[in-house]
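These are the residues of each chain, in order.
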Amino acid sequence: MSTDSMCRPSDIVSPSIVVELELTDFDADQRLLAMSGISLVIFTSVGCASCRFAREQLPRLDLPVDRLCWIDAGDNGGVVERYQVFHLPALFVVRDGEFFGALKSRLTSTELNAAVGQALTRTAEELP
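Calculation rules
- Residues numbered from 1 in each chain as written.
- Predicted model: local features only at pLDDT ≥ 70, side-chain atom pairs only at ≥ 80, totals over all residues.
- Heavy atoms only, no water.
- pLDDT = per-residue confidence, 0-100.
- Contact = heavy atoms within 4.5 Å.
- Helix = DSSP H or I, 4+ residues; strand = E, 2+ residues; numbered from the N terminus.

A.B. asks: Hey, could you run me through the confidence of the model for the protein in this one?
C.D. replies: Note that predicted coordinates carrying low pLDDT should not be read in detail. On average, residues of the protein carry a pLDDT of 91, and 87% of them reach 70 or more. The model gives residues 1-5 a pLDDT under 50, and that stretch makes 11 contacts with residues more than four places away or in other chains. In this model, residues 8-14 is a region of pLDDT below 50 whose contacts with residues beyond four sequence positions or in other chains number 11 contacts.

What follows is the structure, encoded as structure tokens:
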């Protein structure tokens, strides 16, 4: 077994069925504007038990998204402020660079699929 620079096993295949990206204050807007398809943007924090659950479970769910975009709320205060994140984990939908708002859902496949579908019926806005 080999490890990467953060001492994580790198020869273990991830069970994720979608692409996962880590976004920061410096690249979140650029990358979200440039990506086509549906992105689920998830704000988490290391000390949050619900966030750890989300990080473990969301990649395994069959969701109608092209990618999961993770943002560490503790390290990226600018984007946290722009998205008005008040609780964690916080989930938002972006499609083709357009913002479709926050999701209010339990972290189950059925409820998230319904919430994403409902979000995509809203009028799109510019990214916060």
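Don't stop here, the text continues.
A.B. asks: Looking at this structure, how should I read unusual backbone geometry?
C.D. replies: Leaving glycine aside, a negative phi is the common case for residues, and trans is the common case for peptide bonds. Cis geometry is found at the peptide bond from leucine 88 to proline 89, where omega equals -10°. Residue placement: proline 89 occurs in the loop between α3 (77-82) and β4 (90-95). The backbone of aspartate 96 shows a phi angle near 50°, a positive value even though the residue is not glycine. Mapped onto the elements, aspartate 96 comes out in the loop between β4 and β5 (98-103).

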